[in-house]
Amino acid sequence: MQERTAVAQASNLSCVDPAYFYDHTIWTRQESITHLFCPLDNQSLQLLQSTTDINIQWSKDCHPLNLTASGRLHSTLRNTTAYLTFEQPHASDAGNYTCTLYLNSQRNISFTIRLDMADPCHVLPQFLYPTSNQTLEQALGSQVTLNCTVQLPYSRNCDLDLHWMKGDQWLDNTTYAAFSQWFSDNGTETFVSSTLEVNVTTDENYGVFACLIRNSKAVFTLQKSAETAGHLGAVIAALVIAVLLLLIAVMYVKCRLNVLLWYRNHYGELEINDGKLYDAYVSYANSADDRKFVNFIVKPQLENRHGYKLFLDDKDILPNSEPSADLIMNVSRCRRLIVVLSNAYLEQEWCSNNFREGLWRLLELSQTPIFIAFESQYREITHPAINLLKQHKSAVILLVWRAGSMMPSSDFWKELCLALPRKVSYHGLRGDPQTHLQEDKDPMLILHSSYLDFRRDSHPEGDTAIRGAIFKGPPPHCMTGPDGLPVGAMEEVQLGEKQRSEIDISDLGSRSYEARTDFYCLVTEDDI
């Protein structure tokens, strides 16, 4: 604001160009000789270098200076420098000095400098730290350092002492404070700093401290910090938050799969009208243990409890690392590919020698295939196939069957259901709702879905207690009950009204779980 006022006042002078107005301050006690430089621009400097027929005239408040009569003022013009020299400057030298360039005796351009003459010993200090009054809270037994740093114009004979006070009492600087002083790089400014060490041992050490220099001061208020009881609420709140975060973490670990399943079942992607007949293609080794695992555990759990439809295959899935036409066709009918990596499965020749190549073939057949490994071989056996799957977890889904995985509510089944497609059920539709309304032109699919009932397994011995015949319509000889309904229909109604419960595998040994065969008819409307 002061600079704008000075420019406005100087603009009233006839010789002042506001576009070339500058400010300069000379400390009267700083030097016996000082120089006031003419702030030439680049164009003026080029003129000084390119011609000799140029001179500079100095004026004060638009009155030309008689440098010869003054005796204390001298004008100097060199190649690229023009300045006015003051010998023993004093307060009367303050004013607006204009240097005007004359080229070929004609006025070319002028520059004006507002010169202030000030006594550096009367300039108020600028507090660098603290920039404002500070309030510090300290506990008993602590130690605090109060730092006071100021900036002053350079001077030789001025008082630069910093003094400390506590309340109305002066403190001995030699006993309590440390003093330091340094200068700026150009030697025009002086920095003074003082630090005061305060040991807070009693209540008397608290109070108001001030550092003073040239009638200016910075104030530090040292007060007692809140009692420990005052922080008890914050401590309790922090503990409660920590406990809540821990509970959330535990709940996330325990309930993460349930939340993901709920979200998938309500908002997951629907795989409808994709031309698939099965939800998963299950590949396993033709051994007794693998047949029991697939037919007595995997198949009842996924089909009876979760409503999925599986295609079981106990043949070598890639005997020569090249998929056969039957394999390609069967896998294309399934939405997912499940491989049971038992010991018998891993002993196959292609798993031991060409599993890497076979894995790339499987990735071409099915996106993100699902591999089921057993806990013992996952941890103890270093089979190259298991190690390769561990390295490519982003491309495959590797599930581990553990001792507690038999329970229907175990994490194994939840992870497996997450990897399988979302099930969709429509009331009033018979068969798979995901293929019931499709318009797929695959000749391997039956033209009319009502010809066969895909709800039940066609195997005569597989789950006959709860599955009906593949062909619709009542059996040739059926007994009727008291209500006039067939006995089989009454049982179906009773079973349909009850919700599915935990799978009872006690009677599975009497059932047959051989590989079932689905028959397809190539028919046209004329044939029907």
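Cut-offs and rules
Counting of residues starts from 1 at the beginning of each chain's written sequence and follows it residue by residue. Residues qualify for local features only when their pLDDT is at least 70, as the model is predicted, and side-chain atom pairs are given and counted only at 80 or more; totals for whole chains, interfaces and linings, by contrast, use all residues. The side-chain numbers reported here are obtained from all heavy atoms of the structure, hydrogens and water having been left aside. Put simply, DSSP H or I for four residues or longer makes a helix, DSSP E for two residues or longer makes a strand, and each gets a number counted from the N terminus. Partly exposed describes any residue whose relative accessible area lies between the buried limit of under 20% and the exposed limit of over 50%, with all areas from a 1.4 Å probe on protein chains only and scaled to the type maximum. Pairs of residues are marked as contacts when any of their non-hydrogen atoms sit within 4.5 Å. Here, Shrake-Rupley sampling with a 1.4 Å probe gives the accessible areas, and only protein chains in the shown set may cover a residue. Predictor confidence is given residue by residue as pLDDT, running from a minimum of 0 to a maximum of 100. Centres within 6.5 Å make a pair out of two Phe, Tyr or Trp rings, where for Trp the six-membered ring is used; the pair is then stacked when the planes are under 30 degrees apart, edge-to-face when over 60, and tilted otherwise. Patch members must show over 30% relative accessible area and no salt bridge, and they are joined within 9 Å when carrying like charges or within 5 Å when they are nonpolar side chains of Val, Leu, Ile, Met, Phe, Trp or Tyr. Definition used for salt bridges: Asp or Glu carboxyl oxygen within 4 Å of a side-chain nitrogen of Lys or Arg.

With that out of the way, let us pick up the overall build of the chain. Helix and strand counts for the chain come out as 15 helices and 22 strands. Split into buried and exposed, the 528 residues of the chain put 38% on the buried side. Sequence separation of 24 or more characterises 70% of the internal contacts of the chain that already satisfy a separation of 6 or more. Here the chain has roughly 31,600 Å² of accessible surface; of this, 52% comes from carbon and sulfur atoms.

Turning to the confidence of the model for the chain, a few remarks are in order. Predicted confidence across the chain gives a mean pLDDT of 74, with 72% of residues reaching 70 or more. Every residue in residues 437-480 scores below 50 in pLDDT, and together they form 79 contacts with partners more than four places removed in sequence or on other chains. This stretch, residues 485-524, has a pLDDT under 50; its non-local contacts, to residues over four places away or in other chains, come to 62 contacts.

This brings us to the packing of aromatic side chains. Applying the stated criterion across every chain, the model contains 16 aromatic pairs. Ring geometry for Y281 versus F311: centroids 5.3 Å apart, planes at 20 degrees, classification stacked. In this pair, Y281 is assigned in strand β18 (residues 278-283) and F311 in strand β19 (residues 310-313), connecting sequence segments 30 residues apart. Of the residues examined, Y281 reaches a relative accessible area of 0% and is grouped as buried. Each ring, one from F355 and one from F371, has its centre 6.4 Å from the other, and the planes form 65 degrees; the classification is edge-to-face. Taken together, the positions of F355 in helix α10 (residues 355-365) and F371 in strand β21 (residues 370-374) put the pair 16 residues apart, joining distant regions of the chain.

On the surface, I236, V240, V243, L244 and L247 cluster together into a nonpolar patch covering about 430 Å² of accessible area. By the element assignment, V243 lies in helix α5 (residues 232-267). Of the residues examined, V243 reaches a relative accessible area of 47% and is grouped as partly exposed.

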